[in-house]
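Secondary and tertiary structure notes
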Amino acid sequence: MRNPIQNYLESLADHGHYAVGKVASYIPELAAADPDRFALCIATVDGHLYTVGDGQFPYSIQSISKPFTYALALQDQGPAAVAQKIDVEPSGDAFNEISLDPGTKRPSNPMINAGAITAASLVAGKDRQERFERVQQWFSDFAGRQLTFDQQMYESELSAAHRNRAIAHMLREFEVLESDPEDFLDQYIRQCAMTVTTQDLARMAATLANGGVQPSTGERVAEPSVVEHVLSVMTSCGMYDTAGDWITSVGVPAKSGVSGGIIGVLPGQLGLAVFSPRLDAHGHSARGVAVFEHISEEMELHLMQVTRSSRTAVRDTYSLAERPSRRRRPEPHQILLDTLGEQCRIYELQGDLNFSGVESVVRRMVDDSPEFAVLDMRRVNDVAEVARMTLLSIGDRIQAAGGEAVLVDPEDALPIRDEDPNGIRIMDDLEAAMRWCEDELLRRHGADDEVDHKQVEEHPLLQQMSAAARRYMRTHFDVLHFAADEIILEAGEPFSGIHIVTAGEAVAEFDYAHTDGSTPVTMSVGTSFGELALARDDLQEARVRAATPVTLLKFSAEALDHVSQVRPSIAVDIWKAMTRDAYRVADRAMHEAAAYW
Ligand code: GLN
């Protein structure tokens, strides 16, 4: 089964697909980039990766290297020593501003070039080569694979690095750098020329999101306190002079690079990376910013949104074989269900379902690929729109694959709208849903002797309905058994539902004032009754009695009420079909009567 999150991300990626901005040209090698290349990757903290577009296309990391080198400096020297050299104040300056803080005479923050060159100098190592090797290994540990260095990119940038050279020498002049600035300039330009893919960047971001543990390798790369510190600085300074705009509109710690990448980190949940080389005036990928804004809004990622735990969305999951319903069944059925039950999984969900909560649920469902899935929503409080749509679409997929998806949702935690896909079936309690799944599994494997479903399917009442209404009715029937002579409906009682005889014979006994005694009408298999009460002040006119042992299906008045509330369009279909069926019955009665004259 294809994961619906993947489709969802593909649809999001279309956003901002326009050719705004220009590829960077101050580094000669970057000017040759294909401006239309695009990738979007999301890496979860439990190691799953979603890719849209060209996620394996390699490019130079550029400024996205800065938070990682800063992290290494922090880990090597400790925060106090690093703070002696680099402030953590948003400067509001462009990334390559030749400036120091006027008061402290230090770089304002490690995300602008001045701070980044300084951070490079704080990496432990006896010379620039050893420091750079450590940087290279450190980046690789974040990515979870060995990353390489692009010599040509490095030479290209070095050949035109007048501005960064000026910054490095200024840093030396103010003794922020304590030895030859050319060494640190070289090291910094090398780190910017490390080759990554968008998948790598998403994984590096996910390692930050995961508190410093690389999600795929399980290796602890950075200390949690270092990660916390780095994420804070990414939040306030990662997007330079648009950091304020970014935190307001996107709301996640981020870092951009002039080759066209942007990473975003949602702590505890995900790492995101987008790649598109055309840049805006601030040196950020223009499409990247648009996609991030769109994704953040759609997926409700903004950090300041008052949220909600997500990793524990699945409270419990089990199969019907492990935990069957409480219904007692004949021994052969019970034995059959011991194996068939494996094909039905129950997912008990809880809490608030946001993007990453539903992502973990859906991935589990895709991995299990059960034929039947029951989603128990009774402990869910709030469902974000993205989660609602995703759950409905996975329901639809299960249905399309020939299975069944059932939502146990008495409180309407996941409200259904008329325009929604209708693959999911809604029930009010888990026990009923489990019983229904068992019945349906048995039926599908030819093991139901109780109900002849073909009979029911062919009943004119169901024939006239839309497929959605038929499916709804079919699954909301109660199966009732009556012994011979038992009374099924009493005359004068209120409308209790529509009944279809599936085995045996029932008789309707009318008390007509003008005749002495009653005129029984026999109702055999396939006949429906009970619905005419709706036309008579909701009162049942005839007494209906079982003439032989009778089995019938009942679509109850409560079920009709419920569907009217949750799925009005289906309710209308059912009503139309009942009206037509009642007319059909009346018409036949008239013809029969006419034949006697
Ligand atoms: N290597 C580039 C520079 O120093 C990185 C800049 C960036 O990505 N914003 O100019």
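Residues numbered from 1 in each chain as written. Predicted model: local features only at pLDDT ≥ 70, side-chain atom pairs only at ≥ 80, totals over all residues. Heavy atoms only, no water.

This part takes up the site of the ligand. Around the ligand, the surrounding shell consists of Y26, Q62, S63, F95, N113, E157, N164, Y188, C192, Y240, G257 and V258. For the ligand, an oxygen atom lies 3.1 Å from a polar atom in the side chain of N113. At 2.8 Å, a backbone N or O of V258 approaches an oxygen atom of the ligand. Notes on the ligand: free accessible area 300 Å², of which the protein chains cover 99%. Looking at the shell around the ligand residue by residue, the classes come out as six nonpolar, five polar and one charged. (Near = heavy atom within 4 Å. Polar contact = N/O pair within 3.5 Å; in protein donor to acceptor, adjacent residues only side chain to side chain. Areas by Shrake-Rupley, 256 points an atom, 1.4 Å probe, with all protein chains shown as cover. Nonpolar A, V, L, I, M, F, W, Y, C, P; charged D, E, K, R; others polar.)

Attention now goes to the pairing of strand β15 (residues 497-503). Of all seven residues that make up β15, six are buried, and the element is covered over most of its length. Pairing analysis gives six bridges linking β15 to strand β20 (residues 550-556), with the strands arranged antiparallel. The residue bridging H499 from the neighbouring strand is K554, located in β20. Relative to strand β18 (residues 528-529), β15 runs antiparallel, the two sharing two bridges. When the sheet's bridge partners are listed, H499 is paired in β18 with F529. (Buried < 20%, exposed > 50% of the residue type's maximum accessible area, 1.4 Å probe, protein only. Helix = DSSP H or I, 4+ residues; strand = E, 2+ residues; numbered from the N terminus. Pairing = 2+ DSSP bridges.)

A few words now on the sheet that holds strand β13 (residues 478-482). Within the open sheet, the four strands sit side by side as β13-β20-β15-β18. Their pairing is antiparallel. Either end of the sheet is taken by a strand with one partner, and the two such strands are β13 and β18. As judged from the five bridges shared by β13 and β20, these two strands associate in the antiparallel manner. Residue pairing across strands places F482 opposite V550, the latter belonging to β20. The sheet contacts of helix α20 (residues 557-566) involve β15 and β20, and relative to β20 the element is tilted by about 30°. (Contact = heavy atoms within 4.5 Å. Axes fitted to C-alpha atoms, helices over the stretch in contact; angles between N-to-C directions.)

What follows covers the state of the cysteines. Applying the stated rule across the entire model yields zero disulfides. Not engaged in a disulfide, the cysteine C344 finds its nearest cysteine sulfur in C437; these two sulfurs lie 4.0 Å apart. For C344, a relative accessible area of 0% puts it in the buried group. (Disulfide = S-S within 2.5 Å.)

In the structure shown here, the tally under the stated rule is 13 aromatic pairs. On the numbers, 6.3 Å between centres and 40° between planes, the contact of Y26 with F95 is tilted. Here Y26, found in the loop between α1 (4-13) and β1 (39-44), pairs with F95, found in the loop between α3 (79-83) and α4 (113-121); they are 69 residues apart in sequence, far enough to count as distant. Of the residues examined, Y26 reaches a relative accessible area of 40% and is grouped as partly exposed. The exposure class assigned to F95 is buried, which follows from its relative accessible area of 10%. Between the aromatic rings of F149 and Y154, the centroid separation amounts to 5.6 Å while the plane-to-plane angle is 55°, which identifies the pairing as tilted. Classification of Y154 as buried rests on a relative accessible area of 6%. (Phe/Tyr/Trp six-rings, centres within 6.5 Å; stacked < 30°, edge-to-face > 60°.)

One non-glycine residue, E175, lies in the positive phi region at around 60°. Among the secondary structure elements, E175 is positioned in the loop between α7 (162-173) and α8 (181-192). We note that D412 has phi near 60°; this positive angle belongs to a residue other than glycine. By the secondary structure assignment, D412 is in the loop between β11 (404-408) and β12 (424-427). Look at D412 and you get partly exposed, because its relative accessible area is 39%.

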